[in-house]
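Breakdown of the fold
Single-letter residue listing:
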Amino acid sequence: MSNAPPRHELFLLDEGQDKVEVKMDTRVPNTAVFTFNREDHTLGNLLTAHLHKYKDVTFAAYKVEHPLKPLFILRVGTDGGISPKDAVVRCCSDIITTLDKVSREFTKEMELFKIARGGESNGV
Amino acid sequence: MDYMDMDTGDNEPAINVRDSNDLNVNFILRNVDLSLANSLRRVVQSEVPTMAIDLVEIESNTSVLPDEFIAHRLGLIPLTSGNIEKVQYSRDCDCDDYCEKCSVTLSLDARCTDERSNMHLYSRDFMVSNRADLSVGNPVIRDPQGKGILIAKLRKGQEIKMKCIAKKGIAKEHAKWMPTAAVGFEYDPNNLLRHLDLWYEENAKEEWPVSENGKLEPTQEEQEVFDFDATPNRFYVNLETVGGVEADRCFQQGITVLQNKLADIISALSPELANNNPVDDYQPRSPGAGGDDYGNGTSYGGGFSTHGPGAQSSYGGQRTEYAGMTSYGGNY
Ligand SMILES: [Zn+2]
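What counts as what
Residues numbered from 1 in each chain as written. Chains lettered and ligands numbered in written order. Predicted model: local features only at pLDDT ≥ 70, side-chain atom pairs only at ≥ 80, totals over all residues. Heavy atoms only, no water. UniProt positions renumbered as here; feature names shortened; annotations may be inferred. Pairing = 2+ DSSP bridges. Helix = DSSP H or I, 4+ residues; strand = E, 2+ residues; numbered from the N terminus. Buried < 20%, exposed > 50% of the residue type's maximum accessible area, 1.4 Å probe, protein only. Phe/Tyr/Trp six-rings, centres within 6.5 Å; stacked < 30°, edge-to-face > 60°. Lys NZ or Arg CZ within 6 Å of the ring centre and 35° of its normal. Axes fitted to C-alpha atoms, helices over the stretch in contact; angles between N-to-C directions. Contact = heavy atoms within 4.5 Å. Donors = N, O, S within 2.8 Å, 3.2 Å for Na, K, Ca; no water. Tetrahedral: all angles 85-135°; square planar, octahedral: opposite > 155°, others 65-115°. Domains from an automatic or database assignment. Buried area = accessible area lost by both parts, 1.4 Å probe. Salt bridge = Lys/Arg side-chain N within 4 Å of Asp/Glu carboxyl O.

As annotated in an unreviewed UniProt entry, chain B is DNA-directed RNA polymerase II subunit RPB3 from Microthyrium microscopicum.

Chain A carries the name DNA-directed RNA polymerase II subunit RPB11a in an unreviewed UniProt entry, which gives Microthyrium microscopicum as its organism. What UniProt records for chain A under Subcellular location (unreviewed entry) is the sentence "Nucleus".

Below, the structure written as structure tokens:
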């Protein structure tokens, strides 16, 4: 119990800690290594899978180094058409747009469902 | 930079709601990536905020149950979390410990005086500090008798007197803040993609009858050739909550939480993008509230900023080097 890590460290940044740390890989061109602090597979898998859809991204993979470390590491390589950092930013904003569509579609379908069910109960 | 196969006409995200009530919503989500559907599931389960009892001040407990046993039970009682966005996290609040902006106080004060039978203490017996706003911090009561959850039983002369402080939190911190019970999540029910290796005694086909969702998709027999490029794009979701929030609202909140998470990354990576259009007033669109204004869009697409004070540190400050960073270039 006494050496258990505080539970909020899974999602709360330490004082002065950056959310994302970027480091260019000096051995491979157009490749950067991102450390996402206080994030997990929810974001790691989401970003990696979506980065694979971009033509300019030649490499994207993430790992959670250790289950007790509340961070994941994302490596992104591109063909030079876009910087790795811009690819990640672009990826995030594209997913936000997709989520907006999901939200709107869900709202619409819920309304339709309520109307359909309302009609049913009136008919019977 | 362009997409290979996203956002092309018919491939827009689509949803088909199959069943819905306040506890449960069952729908098919189509034309999104598996990673997106799965991240939504994870976020809905572990990062949508709710209210739960977090502090218990025990004035008197002469029941047979020890203090910490009762405190644990109290934490697990589902509380209404409808207007959760109006509640602040205690750690972000200006107050020293807790206040009405960041907490709800539920008091228990019971003493058994009956010689013949035990007294049952239920979650309906809480005195809630903000009875007026039923949508936040009130015990969820769904049984026909309206009693709620049995907390403890008292014999004659025994008494329980406690002050419980409910706070806002997320399930990543403690499972008591989970808004959901079970979240069903299925794709490719007939295993056409061969993501599964079916276990069987003698004959996989006989021993694995086609499931309900499987009837909606081609069977393995109907599949002519195996498609090596196929990806899952129909997800059968059943989202059930514990009663604190309506199921459909819970899903919408999950979407918002995930969007905020991504917006935080954008503002961390390019602060210049983040500052031109704050979206702090972004509210999840609640079903039934907006009518036909779907075309509106939200303030997302353009600029981004963080949500929640204190969460964001300044970009470009000091960076930490982790021990593993130097040596892992080649081992993905
Ligand atoms: Zn406060």
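1. Quick look at the sheet that holds strand S3 (residues 50–61) of chain B
Strand order in the open sheet made by the four strands is S3-S10-S5-S7 (chain B), with antiparallel pairing throughout. The sheet is open, and its two edges are formed by S3 and strand S7 (127–128) of chain B, each paired on a single side.

2. Quick look at unusual backbone geometry
Positive phi, normally seen in glycine, also occurs at Asn30 of chain A, with a value near 55°. Residue placement: Asn30 of chain A occurs in the loop between strand S1 (20–24) and strand S2 (31–37). Judged by relative accessible area, Asn30 of chain A falls into the partly exposed class, the value being 34%. A positive phi angle, near 60°, is found at Asn191 of chain B, a position not held by glycine. Position of Asn191 of chain B relative to the elements: it lies in the loop between strand S11 (180–187) and helix H3 (204–207). The exposure class of Asn191 of chain B is buried, given its relative accessible area of 6%.

3. Some words on the packing of aromatic side chains
For the coordinates displayed, the defined rule picks out nine aromatic pairs over all chains. A ring pair is formed by Phe36 of chain A and Phe72 of chain A, whose centres lie 4.6 Å apart and whose planes are at 5°; its orientation type is stacked. Taken as a pair, Phe36 of chain A in strand S2 and Phe72 of chain A in strand S4 (residues 71–78) lie far apart in primary sequence, 36 residues in all. The class of Phe72 of chain A is buried, set by a relative accessible area of 0%. Pairing Phe27 of chain B with Phe251 of chain B gives two aromatic rings, centres 4.8 Å apart and planes at 55°, and the pair type is tilted. Taken together, the residues span a long stretch of sequence, with Phe27 of chain B in strand S2 (residues 24–30) and Phe251 of chain B in helix H4 (residues 247–269) at a distance of 224 residues. By relative accessible area, Phe251 of chain B is classed as buried at 4%. Taken together, the ring pairs in this structure connect Phe34, Phe36, Tyr62 and Phe72 of chain A into an aromatic cluster. Between the NZ or CZ atom of Arg91 of chain B and the centre of the ring of Tyr89 of chain B, over which it lies, the distance is 4.6 Å. One Lys or Arg, Lys168 of chain B, reaches over the ring of Tyr89 of chain B and ends 4.7 Å from the middle of that ring.

4. Considering the sheet that holds S2 of chain B
All names here are of chain B. Pairing is antiparallel in the open sheet, where four strands are placed in the order S1-S2-S12-S11. Strand pairing shows two members of the sheet lacking a second neighbour, strand S1 (14–20) and S11, which therefore form its edges. Strand-to-strand twist across the sheet, computed as the mean angle between neighbouring axes with direction ignored, equals 15°. Strands S1, S2, S11 and strand S12 (234–241) of the sheet are contacted by H4, whose axis makes an angle of about 115° with S12.

5. Re the coordination of the zinc ion
Residue and element names in this part refer to chain B. With distances of 2.2 to 2.3 Å, the protein atoms coordinating the zinc ion are Cys93 (SG), Cys95 (SG), Cys99 (SG) and Cys102 (SG). Classification of the site at the zinc ion as tetrahedral follows from its four donor atoms and the range of 101 to 115° in their angles at the metal. Within one chain, the residues donating to the zinc ion are spaced in sequence as C-x1-C-x3-C-x2-C. Residue Cys102 is classed as buried on the basis of its relative accessible area of 0%.

6. Thoughts on the domain arrangement of chain B
All names here are of chain B. Along its sequence, chain B is carved into domain 1 (14–47 + 180–269) and domain 2 (51–170). On a C-alpha basis, the centroid separation for the pair domain 1 and domain 2 is 35 Å. Listed as interface residues are ten residues of domain 1 and, on the opposing side, eleven residues of domain 2. Around 690 Å² of area is buried between domain 1 and domain 2 when both sides are counted, 48% of it from carbon and sulfur atoms. Where domain 1 meets domain 2, there are two salt bridges. Residues Arg249 and Glu85 are paired through a salt bridge, measuring 3.3 Å at the closest nitrogen-oxygen approach.

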